[in-house]
Amino acid sequence: MRRILVVALLGYCVIALAGCVCLKERIKEFLAISTGDIEDSRDRAIVRIVDYDYDSCYRKVEERLIEIGSYIYAKRKDLIAVYISQKDTTPAGIFFKEINGQKTQLEIASPATDTREYLADKIFSVFLEK
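So, here is what we can say about the structure in this document. (Residues numbered from 1 in each chain as written. Predicted model: local features only at pLDDT ≥ 70, side-chain atom pairs only at ≥ 80, totals over all residues. Heavy atoms only, no water.)

Okay, the sheet that holds strand β5 (residues 103-109) next. The sheet built from five strands is open, its strands ordered β1-β5-β4-β3-β2 with antiparallel pairing. Looking at the sheet topology across the chains shown, the edges are occupied by β1 (46-50) and β2 (71-76). Taken over all neighbouring pairs, the strand axes of this sheet differ in orientation by 20° on average, direction set aside. Direction of pairing for β2 relative to strand β3 (residues 79-83): antiparallel, over a ladder of five bridges. Bridging from a neighbouring strand, alanine 74 pairs with alanine 81 of β3. Across the face of the sheet, helix α3 (residues 54-67) comes into contact with β1, β2, β3, β4 (91-100) and β5 while running at roughly 160° to β4. (Pairing = 2+ DSSP bridges. Helix = DSSP H or I, 4+ residues; strand = E, 2+ residues; numbered from the N terminus. Axes fitted to C-alpha atoms, helices over the stretch in contact; angles between N-to-C directions. Contact = heavy atoms within 4.5 Å.)

In structure tokens:
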């Protein structure tokens, strides 16, 4: 009887923990701060390698997003997630990957093609002004 109780308790714990993982993403979706759509659209991202070190590149992109009026709702070391503006809440993200000390790969991802192209145009224009 004791073994059945222990197995049942462990089973309950596993199910509860698995549910919490899903719950966390659902809460983010409810609060409109989920990056799931952006990460799912990453395979269609516009990719460029720029001649800037990782930190300078990240800083320039962040400054440019503020300049164009985008709303930054999530930041990680490898991602800045934004809404294009306060009114246009189409999600988009800029993924960063260090290639070497002086080169960084940028990936502009969004579920919407026009948003992805608009953001890529605005972001990559900053790096042409070198």
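We now examine the packing of aromatic side chains. Under the counting rule described, the total for this entry stands at six aromatic pairs. Aromatic side chains tyrosine 52 and phenylalanine 127 sit 5.1 Å apart centroid to centroid with 65° between the ring planes, which places their arrangement in the edge-to-face category. In this pair, tyrosine 52 sits in the loop between β1 and α3 while phenylalanine 127 sits in helix α4 (residues 113-128), placing the two residues 75 residues apart along the sequence. The class of phenylalanine 127 is buried, set by a relative accessible area of 10%. When the centroid spacing of 4.7 Å and the interplanar angle of 40° are considered together, the rings of tyrosine 58 and phenylalanine 96 count as tilted. With tyrosine 58 in helix α3 and phenylalanine 96 in strand β4, this residue pair connects regions lying 38 residues apart in the sequence. Judged on exposure class, the residue tyrosine 58 and its partner phenylalanine 96 are both buried. An aromatic cluster is present here, built from Tyr54, Tyr58 and Phe96 joined pairwise through their rings. (Phe/Tyr/Trp six-rings, centres within 6.5 Å; stacked < 30°, edge-to-face > 60°. Buried < 20%, exposed > 50% of the residue type's maximum accessible area, 1.4 Å probe, protein only.)

Let's shift gears to the pattern of salt bridges. Taken as a whole, this structure holds seven salt bridges when the rule is applied. Aspartate 43 is paired through a salt bridge with arginine 44; the nearest N and O atoms lie 3.5 Å apart. Overall, the relative accessible area of 65% leaves aspartate 43 in the exposed class. Residue arginine 44 is classed as partly exposed on the basis of its relative accessible area, which comes to 42%. The partner of aspartate 78 in a salt bridge is arginine 76, and the shortest N-O contact between them spans 3.2 Å. Aspartate 78 gets classed as partly exposed once you look at its relative accessible area, which sits at 27%. Salt bridges sharing partners connect three or more residues here, namely Glu39, Arg76 and Asp78. (Salt bridge = Lys/Arg side-chain N within 4 Å of Asp/Glu carboxyl O.)

Moving on, we come to the side chain of threonine 104. Tracing the sequence through the fold places threonine 104 in strand β5. Assessed through its relative accessible area of 0%, threonine 104 is described here as buried. Polar contacts involving the side chain of threonine 104 include one to the main-chain carbonyl oxygen of tyrosine 52, which spans 2.8 Å. From its side chain, threonine 104 meets the backbone nitrogen of tyrosine 54 in a polar contact 3.3 Å long. (Polar contact = N/O pair within 3.5 Å; in protein donor to acceptor, adjacent residues only side chain to side chain.)

Here the focus is the packing of α3 against α4. At their nearest, the axes of α3 and α4 sit 10 Å apart, and the two run at 125° to each other. Regarding the angle of α3 to α4, the classification is oblique. Between α3 and α4 lies a crossing whose hand is right-handed. Contacts between α3 and α4 involve Cys57, Lys60, Val61, Arg64 and Leu65 on the former and, on the latter, Leu119, Lys122, Ile123, Ser125, Val126 and Phe127. Here the residues of the contact of α3 with α4 are counted per class, giving seven nonpolar, one polar and three charged. (Parallel < 35°, antiparallel > 145°, perpendicular 65-115°, else oblique. Left-handed = near helix turned anticlockwise from the far one by under 90°. Nonpolar A, V, L, I, M, F, W, Y, C, P; charged D, E, K, R; others polar.)

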